[in-house]
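So the chains spell out like this:
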Amino acid sequence: MSLYHEAAAILTSPSTHGGSLKSRIYGSKDLKSPPAQLYALAFESSKWSAILKEVVENSQLLQQERKLTPALSILLVHDLLLAKKGIALPASHGLRVGVEKHKARLQSEFVRARLRRKCPTVEVLKATVDAELGPAHPRWIRVNTLKSTVDEQLDTTLKGFEMVRSVQEVMASGPTGKKVICLDGHVPNLIAASPGVDFTKTEAYMSGAIILQDKASCFPAYLLDPRPEDGDIIDACSAPGNKTTHLAGILHERGFAPGQSILAFEKDKHRAKTLDRMVKTAGSDKVTVIHPGADFLQTDPSSPEFQRVGALLLDPSCSGSGIVGRDDTPEFHLPSSATTPSSSSSSKQPNHTKKRKRAPSSSSPSPTPTPNPTQTLPPPIDDSGNENHPTSPQTLHARLTALASFQLSILLHALAFPAAHKVTYSTCSVHTVENEGVVVSALRSDVARRGGWRVLSREEQVRGLREWPVRGDVVACCGEGGGDGFWEEVAGACVRAERGDGRGVMGFFVVCFVREGGRGSSGGGGGGGGGVVDDSGDGPFVRDAEGRIVRDANGIPTLKSTGRKVVDLEGEDEALEVRFGDKGGSDGDGPFERDGEGRIVRGPDGMPRLKIGATRQQGEEDGDISDDEWGGFEDY
């Protein structure tokens, strides 16, 4: 089967079979044509098909070449008129001969189609066709700080690119062919590059120094704001690993605490292999523990394995309605095989409006479909990247309701981890039922109320997301009546990204939950009520230039507010006495309880548990520091 027959078969088969165009082509093992060539032909022909449909119909090509099908005619005429090398078939091939003998008429009709659109040149027509596809999506590049820096990439991979000031300028560069970049103003180490530039063949991409990741997809790890004092961090639904490696990159810049790990869960064993490759390529395998085939929902939060988990990132399965695929295929317009040329080709066509219209036949153009609200958004996409087309609004509603129930169960499970003090929840969905609806249900749950969980307010968030303008849906949080200040605040704490709004991002949603008075709740951007209020966004303790908490030889941090040690073991006034009983320190491993692996056991509030007989006494006059200002001795 030729290149053209394979492309025609793919473009005319139901889109529900196998997902997106790229996944259907690259995932097929039965195709003989090179996938890249096949994809380029299918995509470009679809993009031009509305114009080529007119050309084929007005030239009456199908009436004169009976062996041609409507799909083949579009593909062959595209290459004849627009491909640099023409039709990719031997000169004597029947399909090529059959089309090329009508070349003069086809070129004439193509010129007429261009002039009808008031385009003086083919280049202007090309720009018009590209513009009809909507704003070009930039190529978002996250510099992997585990292996490189922004400056290094500017001097190597991006050398020769022009620096511009805004993402809008980057998006506008697509049709011009210029290579421009813009340093993102919201997410650190993120760069927007001109649409269409292929970075997958670069050394930086293949070595893991740069990672192609949509800007909105970078929000969860950035909002979670992982720090050394957070302990272990869970990525509950990890594959393919972009967010997992982003967490590692952020922590690498701040310095991993001794023994601190990222625990990556992936239920699907096949996707877990992808995750493993991604983690190794990015260079985060030494700090990432992958749980292949492990279902996060089946974990026991109280297990000793998770007693040091202080932060969790949740990005569960969703409808995928916000995904912007750069390979989103334009509609493939098929010409009619009827003998009457298109009415747009000539103003001299007779007017048949008074005649009774016949029922459309299988070969005549389809009537304009009635708008369907379920078609205003891309269909839901499952974990394998396959589209799941709803057959009715009721089906879509049922699917979204089921997804929201699953997403809520994962969120509530994460909130049950005893030492956790911050959790991000995100989806690549635009539906409020999966986003604000889940947040509201979680906040009203007994799990959140008993645990003291709330959302991290906009004012407390890291600078880039605090300044991000697109927030949550107020109606979805407050109801139609609105007017509830608390729920309006919740909506403001939610971060949304809207595709097609000129900011060059996919549709996305993320929110951060923090525990009131929990361990570390004052750190990481002020993530908690209660405890020390710190407006600087990096917690109550003094930090060094790299953002790490400064500790003395005993591991004790210093409060910024007072300049004093949290616990002064060497104070001259001896106002504080720390005394441990015989049973507390005689075994040589300190006064606190430890698990089988020697790690300190902590309570739900993050405080270490004293061994039986070990006591801590403090003079009553030393009342300057409250318990929730000190997170206890860290296990490093």
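All values reported here derive from a predicted model rather than from experimental measurement.

Concerning unusual backbone geometry
Stage number 1. For the bond from A239 to P240, the omega torsion is 5 degrees, close enough to zero to count as cis.
Stage number 2. Relative to the elements of secondary structure, P240 occurs in the loop between β6 (232–235) and α13 (242–254).
Stage number 3. The phi dihedral of K118 falls on the positive side, at around 60 degrees, and the residue is not glycine.
Stage number 4. Topologically, K118 is positioned in the loop between α7 (103–116) and α8 (122–132).
Stage number 5. On the accessibility criterion, K118 (76% relative accessible area) is exposed.

Re helix α14 (residues 269–282)
Working note: α-helix, 3.6 residues per turn, so residues spaced by three or four point in the same direction.
Stage number 1. For α14, built from 14 residues, the straight-helix expectation of 20 Å at 1.5 Å per residue is met to within 8% by its first-to-last C-alpha distance of 20 Å.
Stage number 2. Those residues of α14 not exposed but buried are A272, L275, M278, V279 and A282. On an axial view of α14, the arc spanned by its buried residues comes to 120 degrees, and they lie on one face. Opposite the buried face of α14, at more than 90 degrees from it, the exposed residues are K269, H270, K273, R277 and K280.
Stage number 3. Between the side-chain oxygen at the start of α14 and the backbone nitrogen of H270 there is a gap of 2.9 Å, and the oxygen is on D268.
Stage number 4. Just downstream of α14 lies G283, where phi reads positive at about 80 degrees.

With respect to the sheet that holds strand β4 (residues 190–193)
Stage number 1. Pairing within the open sheet is mixed, and its five strands lie in the order β2-β3-β4-β1-β5. Every other strand in the sheet has two partners, leaving β2 (162–163) and β5 (210–212) as the edge strands with one partner each.

A closer look at the UniProt feature "active site" (unreviewed entry) in the chain
Stage number 1. Mapped onto this structure's residue numbering, the UniProt feature "active site" (unreviewed entry) falls at C428.
Stage number 2. Residue position: C428 is located in the loop between β10 (422–427) and α16 (436–443).
Stage number 3. What makes C428 buried here is its relative accessible area of 16%.

Observations regarding the packing of aromatic side chains
Stage number 1. Applying the stated criterion to the full structure yields nine aromatic pairs.
Stage number 2. Seen in terms of ring centroids, F265 and F306 are 6.2 Å apart; in terms of plane orientation they differ by 50 degrees. Their pairing is tilted. Remark: F306 occurs in the loop between β8 (288–292) and β9 (309–314) and F265 occurs in strand β7 (residues 262–266); sequence separation between them is 41 residues. For the pair F265 and F306, a shared accessibility class is recorded, and that class is buried.
Stage number 3. Ring plane angle 5 degrees and centroid distance 5.7 Å describe the contact between F296 and F417, whose orientation is recorded as stacked. Residue F296 is located in the loop between β8 and β9, and its partner F417 is located in the loop between α15 (393–415) and β10; the two are separated by 121 residues in the primary sequence. The exposure classification of F296 matches that of F417, with both residues buried.
Stage number 4. Three or more aromatic residues link up through ring pairs in this structure, and these residues are F265, F296, F306 and F417.
Stage number 5. We note R503 situated over the ring of W468; from NZ or CZ to the ring centre the distance is 5.9 Å.

Let's talk about the environment of S445
Stage number 1. Within the secondary structure, S445 is located in the loop between α16 and α17 (446–451).
Stage number 2. With a relative accessible area of 12%, S445 lands in the buried category.
Stage number 3. In this structure the C-alpha to C-alpha distance between S445 and L412, which are 33 residues apart in sequence, comes to 8.2 Å.
Stage number 4. A distance of 3.2 Å separates a polar atom in the side chain of S445 from the backbone nitrogen of A448.

Here's the deal with the pairing of β4
Stage number 1. Burial along β4 is two-sided: L190 and A192 and I191 and A193, pointing in opposite directions, are all buried.
Stage number 2. Taken together, the four bridges between strand β1 (residues 139–143) and β4 define a ladder with antiparallel strand orientation. What sits directly across from R142, in β4, is L190.
Stage number 3. The antiparallel hairpin formed by strand β3 (residues 180–183) and β4 contains six residues in its connecting segment, where N189 sits at a positive phi of about 65 degrees.

Conventions we followed
- Residues numbered from 1 in each chain as written.
- Predicted model: local features only at pLDDT ≥ 70, side-chain atom pairs only at ≥ 80, totals over all residues.
- Heavy atoms only, no water.
- Helix = DSSP H or I, 4+ residues; strand = E, 2+ residues; numbered from the N terminus.
- Buried < 20%, exposed > 50% of the residue type's maximum accessible area, 1.4 Å probe, protein only.
- Expected span 1.5 Å × (residues − 1).
- Arc of directions from axis to C-beta.
- Polar contact = N/O pair within 3.5 Å; in protein donor to acceptor, adjacent residues only side chain to side chain.
- Pairing = 2+ DSSP bridges.
- UniProt positions renumbered as here; feature names shortened; annotations may be inferred.
- Phe/Tyr/Trp six-rings, centres within 6.5 Å; stacked < 30°, edge-to-face > 60°.
- Lys NZ or Arg CZ within 6 Å of the ring centre and 35° of its normal.

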